[in-house]
Amino acid sequence: MQAFTLLDGLVAPLDRSNVDTDAIIPKQFLKSIKRSGFGPNCFDEWRYLDHGEPGMDCSQRPKNPDFVLNQPRYAGAEILLVRANFGCGSSREHAPWALLDMGFKAILGESYADIFFNNCFKNGILPIVLPKAELDELFAQVDAAPGYKLVIDLAAQTVTRPDGKAIPFPIDPFRKECLLNGWDDIGLTLRHADEISAFEAKRRVEQPWLFA
Amino acid sequence: MAQTLYDKLWNSHVVHQEADGTAILYIDRHLVHEVTSPQAFEGLKLAGRKPWRISSIVATADHNTPTEGWDAARGTATIADPISRQQVETLDANIKAVGALAYFPFMNERQGIVHVIGPENGATLPGMTVVCGDSHTSTHGAFAALSFGIGTSEVEHVLATQTLLMKKSKSMLITVEGTLGAGVTAKDIVLAIIGKIGTAGGTGYAIEFAGSAIRGLTMEGRMTVCNMAIEAGARAGMVAADDTTCAYLKDRMLSPKAADWDAAVAYWKTLHSDEGAQFDRVVELRAEDIQPQVTWGTSPEMVVAVTGRVPDPAAESDATRRSGMERALQYMGLTANTPISEIPVDVVFIGSCTNSRIEDLRAAAAVAKGRRKADSVKRVLVVPGSGLVKRQAEAEGLDKIFQAAGFEWREPGCSMCLAMNADRLEPGERCASTSNRNFEGRQGPNGRTHLVSPAMAAAAAVTGHFTDVRQFS
Ligand code: SF4
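Reading the values: the criteria
- Numbering of residues begins from 1 in every chain and follows the order in which that chain's sequence is written.
- Chain A is the first chain written and ligand 1 is the first ligand written, with later ones labelled in order.
- The predicted nature of this model means local features are confined to residues of pLDDT at least 70 and side-chain atom pairs, given and counted, to a pLDDT of 80 or more, with totals for whole chains, interfaces and linings taken over all residues.
- By convention in this description, side-chain values take in all heavy atoms of the structure and omit both hydrogens and water.
- Here, the term nonpolar core denotes a set of buried Ala, Val, Leu, Ile, Met, Phe, Trp, Tyr and Cys residues that are joined through side-chain atoms within 4.5 Å.
- A 1.4 Å probe rolled over the protein chains alone gives each residue an accessible area, and that area as a share of the maximum for its type sets the label: buried under 20%, exposed over 50%, partly exposed in between.
- Under the DSSP-based scheme used, a helix requires at least four consecutive residues in state H or I and a strand at least two consecutive residues in state E, with every element numbered from the N terminus.
- Contacts are assigned to residue pairs with any non-hydrogen atoms lying within 4.5 Å of each other.
- The aromatic pairing rule takes the rings of Phe, Tyr and Trp, using the six-membered ring of Trp, and pairs them if the centres are within 6.5 Å, calling planes under 30 degrees apart stacked, those over 60 edge-to-face and the rest tilted.
- Whether a charge lies above a ring is judged from NZ of Lys or CZ of Arg, which has to be within 6 Å of the ring centre and within 35 degrees of the ring normal.
- Just to be clear on terms, a salt bridge is a Lys or Arg side-chain nitrogen sitting within 4 Å of an Asp or Glu carboxyl oxygen.
- Joining two parts hides part of their accessible area as seen by a 1.4 Å probe, and the buried area is that hidden amount summed over both.
- Between N or O atoms, a polar contact is any pair within 3.5 Å; within protein, one atom must be a potential hydrogen donor and the other a potential acceptor, and residues adjacent in sequence are included only when both atoms are from side chains.
- The nonpolar class holds Ala, Val, Leu, Ile, Met, Phe, Trp, Tyr, Cys and Pro. Asp, Glu, Lys and Arg form the charged class, and all remaining residues, Gly among them, are polar.
- A strand pair is defined by DSSP finding two or more bridges across the two strands.
- All axes are obtained by fitting lines to C-alpha atoms, using only the stretch in contact for helices, and the reported angles, taken between N-to-C directions, cover 0 to 180 degrees.
- Proximity is defined per residue: if any heavy atom of the residue lies within 4 Å of a molecule or strand, that residue is considered near it.
- Handedness of a crossover: with both strands directed away from the viewer, a clockwise path from the first strand across the helix to the second marks it as right-handed.

This part takes up the nonpolar core. One recurring pattern in soluble globular proteins is that nonpolar side chains are buried together. Grouped together as the largest cluster of nonpolar side chains are 108 residues, with contacts concentrated most on Phe 43, Leu 80, Phe 86, Leu 99, Leu 108, Leu 126 and Ile 152 of chain A. Among the elements that take part in this core, helix α15 (residues 454–463) of chain B stands out by supplying 8 residues, more than any other. Of all hydrophobic cores here, the second largest spans 105 residues; its members include Phe 211 of chain A together with Val 131, Val 158 and Cys 226 of chain B.

See below:
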């Protein structure tokens, strides 16, 4: 996993609540057996005017001019500004894979669905929770200033605006450590392999029917 | 100290805990399907790792599989879409290479939706941790199991370590006391709950459903309720174990046998919240207040009683919510204040891990019996949750009732719940569906989904519009 330390990135706004993972990456693209290549189909139904299917050349498809992320000023954005309950619905990890493939490394929102939130950390994306009032200001500032960038400092746990205001954000210490170092969860867990084996052996005696 | 059911399930699976509360949690049962597992098996192989405990794995193919035209002689070649076929064949190959306690491949007599086949084969048992790369894994909590959906990286983590790294959630108790009215079902209970607390109401919580109306539900009904805990934002939903739970599990294929059975039942009977256990949040509903529900928008919380009307965004004070409502009405092609019973439907779908079990089919058949699909309804799909459900329904003659009513009787699978196979809505079509998500495009690009119970779906099929099923009794 890529380590996340400091990000100085262009911001793109998506001013809707309850954006579900079906919207982030529609199901027809879940048929892939790979982890990569989902970027061109991220937000497919909103982004294009035609219906997308796997294998299509997205550069040739008609873009929806009304979809905010299609505006040239947001091309190359690395930070996505969202509202409440982002990533609800399906557990598909294809959603963070698609966001990452589209270029997003951090998300700023009011709240996230639990599974999506978790899936982000497993892929080096930082989902930041901010109060609604801060988000309202950020949405207004992004709208008013083309080329609007933010600096996200994970170690310091701050999002810094162009006007210098640093907004603090909370993060679970364990997750922070993993992201900063780009650690692989499986490797970390396997350091406790002996404890897992001992736990399992005891369970096998207490509830043998679980091990039939 | 008095413990909640969630406390008991959590505590009995903690292998190791860090100072900040992050725990290594042991996983008893790992359910696997074709869509969210290929990258996990590949990751495992690339890292040169072996699965930790193969006997924890129960697998099936369900999301991509067609629901008609099965031909055993042609095997997976029956699957017309080459990428769907590749995904199903990749699962075949992965399970062949790795092994499993049980595998129900495409067209196997026990194949079906992963959340239907787990319980009906006794692969889901009380006191277990059950995971699957699928958000509706919350279904299995109906058996007093701690069960939740995981992402593909976590699927790989469970394969490699038999554990997950996680922190304990907050706990919520939702009680439904009283007696349900005739024609009101588990689906209406859970839609009413989501209508009350919202789709993010359960975020960060594990929900226990309790109260006399929940205790009075069959296991099928409890599964329907827990299935949609995730639609309320909660990764896990659960119900205490009782005699209903044990009676359901007796003599299932993988249920404990002989002396193990008695020991298991003795343990299972302890799986309930203790008197006086504390919850972080408590929500109370009265069963008598719950009416048959119909969703009108593009989120499960956009729900009203069948006797109600499409709400008016003008009456909503919060700007973000108002614009969400307006967008939903536009997508759904609805006008504010229209009575729900005046909304016509084009398609009816009876199926999905929410409502495709034998009881659901019985409830739909009871309405369909002796009636015909309305001429204005283009098609009605009945898709049993599994091969076992299908055979049971056929033994009871339900297939004949559906066919006589002009409904299509299909092979098991996820089907039009998410339309990854050929079963999907055409743009603009309006569907009464017994599934769990009414998101934009969920049942096909620009399709319009209204979530209802199986009886309400059948009622819409025979009248051509949403109809209060209580009129039929
Ligand atoms: S029936 Fe629908 S919700 Fe259930 S597992 Fe299949 S696709 Fe998911």
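All names here are of chain B. When you line up the elements, Val 225 lands in helix α8 (residues 219–227). In this structure Val 225 comes out as buried when scored by relative accessible area, which is 1%. Excluding residues that lie within four positions of it along the chain, Val 225 makes contacts with Ala 186, Val 190, Phe 209 and Leu 217.

All names here are of chain A. Summed over all chains, the structure comprises 14 aromatic pairs over all chains. The interplanar angle of 25 degrees and the centroid separation of 6.1 Å between the aromatic rings of Phe 38 and Trp 97 together place this pair among those described as stacked. Residue Phe 38 is located in the loop between α1 (21–24) and α2 (44–47), and its partner Trp 97 is located in helix α3 (residues 94–102); the two are separated by 59 residues in the primary sequence. Comparing Phe 38 with Trp 97 shows no difference in burial state: the two are buried. With a centroid separation of 5.9 Å and an interplanar angle of 55 degrees, the aromatic rings of Phe 43 and Phe 67 are classed as tilted. Of the two residues, Phe 43 is situated in the loop between α1 and α2 and Phe 67 in the loop between α2 and β2 (79–81); the sequence distance between them amounts to 24 residues. You'll find Phe 43 and Phe 67 in the same group, each marked buried. A cation over an aromatic ring shows up here: Arg 16 above the ring of Trp 46, its NZ or CZ 3.9 Å from the ring centre.

Residues and elements named next belong to chain B. Counting across every chain of the model gives 40 salt bridges over all chains. The partner of Glu 109 in a salt bridge is Arg 391, and the shortest N-O contact between them spans 3.8 Å. Of the two residues, Glu 109 is situated in the loop between β5 (102–104) and α4 (114–120) and Arg 391 in helix α13 (residues 387–395); the sequence distance between them amounts to 282 residues. Under the relative-accessibility criterion, Arg 391 is labelled partly exposed at 40%. A salt bridge links Arg 235 to Glu 154, with the nearest nitrogen and oxygen atoms 3.5 Å apart. In this pair, Arg 235 sits in the loop between α8 and β11 (236–238) while Glu 154 sits in helix α5 (residues 152–161), placing the two residues 81 residues apart along the sequence.

Attention now goes to the side chain of Thr 175 of chain B. Relative to the helices and strands, Thr 175 of chain B is located in strand β9 (residues 170–177). Ignoring anything within four residues of it in the chain, the contact list for Thr 175 of chain B reads Ala 210, Val 283, Glu 284 and Leu 285 of chain B.

Right, let's talk about the interface of chain B and chain A for a bit. In this assembly, 76 residues from chain B lie in contact with 57 residues from chain A. Both faces combined, the contact of chain B with chain A buries some 5500 Å², and carbon together with sulfur accounts for 55% of it. On inspection of chain B and its partner chain A, the count reaches 8 salt bridges. Two residues, Arg 53 of chain B and Glu 200 of chain A, come together in a salt bridge whose shortest N-O distance is 3.4 Å. Linking chain B with chain A are 31 residue pairs in polar contact (both at pLDDT 80 or more). If you list the elements that add at least two residues to the side of chain B that touches chain A, you get β1 (14–17), β2 (23–26), α2 (38–46), α3 (82–98), α5, β8 (163–166), α10 (258–268) and α11 (319–332) of chain B. With 7 residues, the single largest contributor to the side of chain B that touches chain A is α5 of chain B. Split into classes, the residues belonging to the side of chain B that touches chain A amount to 27 nonpolar, 31 polar and 18 charged.

With that settled, the discussion passes to the sheet that holds strand β10 (residues 205–210) of chain B. Residue and element names in this part refer to chain B. In space, the 4 strands of this open sheet follow the order β11-β10-β9-β12, with parallel pairing throughout. With one partner strand each, in any of the chains shown, β11 and β12 (281–286) form the two edges of the open sheet. Taken over all neighbouring pairs, the strand axes of this sheet differ in orientation by 20 degrees on average, direction set aside. Two elements, β9 and β10, share 6 bridges in a ladder whose sense is parallel. Within β10, the residue paired with Leu 173 across the bridge is Glu 208.

Take the site of the ligand next. Taken together, His 63, Ile 113, His 115, Asp 134, His 136, Ser 352, Cys 353, Cys 414, Cys 417, Leu 418, Asn 436 and Arg 442 of chain B make up the full set of residues adjacent to the ligand. Considering only residue class, the shell around the ligand consists of 5 nonpolar, 5 polar and 2 charged.

At Asn 18 of chain A, a residue that is not glycine, the phi angle is positive and equals roughly 55 degrees. Its location among the elements puts Asn 18 of chain A in the loop between β1 (6–13) and α1. Using a relative accessible area of 25% as the deciding quantity, one classes Asn 18 of chain A as partly exposed. A positive phi angle, close to 55 degrees, is found at Ser 415 of chain B, a residue other than glycine. Examined against the element boundaries, Ser 415 of chain B turns out to sit in the loop between β17 (408–409) and β18 (430–433).

Quick look at the pairing of β1 of chain B now. All names here are of chain B. Examined bridge by bridge, β1 and β2 share 3 bridges and lie antiparallel to one another. When the bridges of β2 are listed, Gln 17 appears paired with Ala 23. Where β1 folds back onto β2 in an antiparallel hairpin, the turn is made up of 5 residues, including Gly 21, whose phi is positive at roughly 95 degrees.

Let's shift gears to the pairing of strand β4 (residues 57–60) of chain B. Working note: regular strand, side chains alternate between the two faces of the sheet. All names here are of chain B. Side-chain alternation along β4 places Ile 57 and Ala 59 on one buried face and Val 58 and Thr 60 on a second face that is also buried. Here 3 bridges tie strand β3 (residues 29–32) to β4, and the two strands are oriented parallel to one another. Considered in β4, the bridge of Val 32 is made with Ala 59. For the crossover from β3 across α2 to β4, the handedness is right-handed. Across 3 bridges, the pairing between β4 and β5 is parallel. Directly across from Thr 60, in β5, lies its bridge partner Phe 104. Traced from β4 through α3 to β5, the parallel crossover comes out right-handed.

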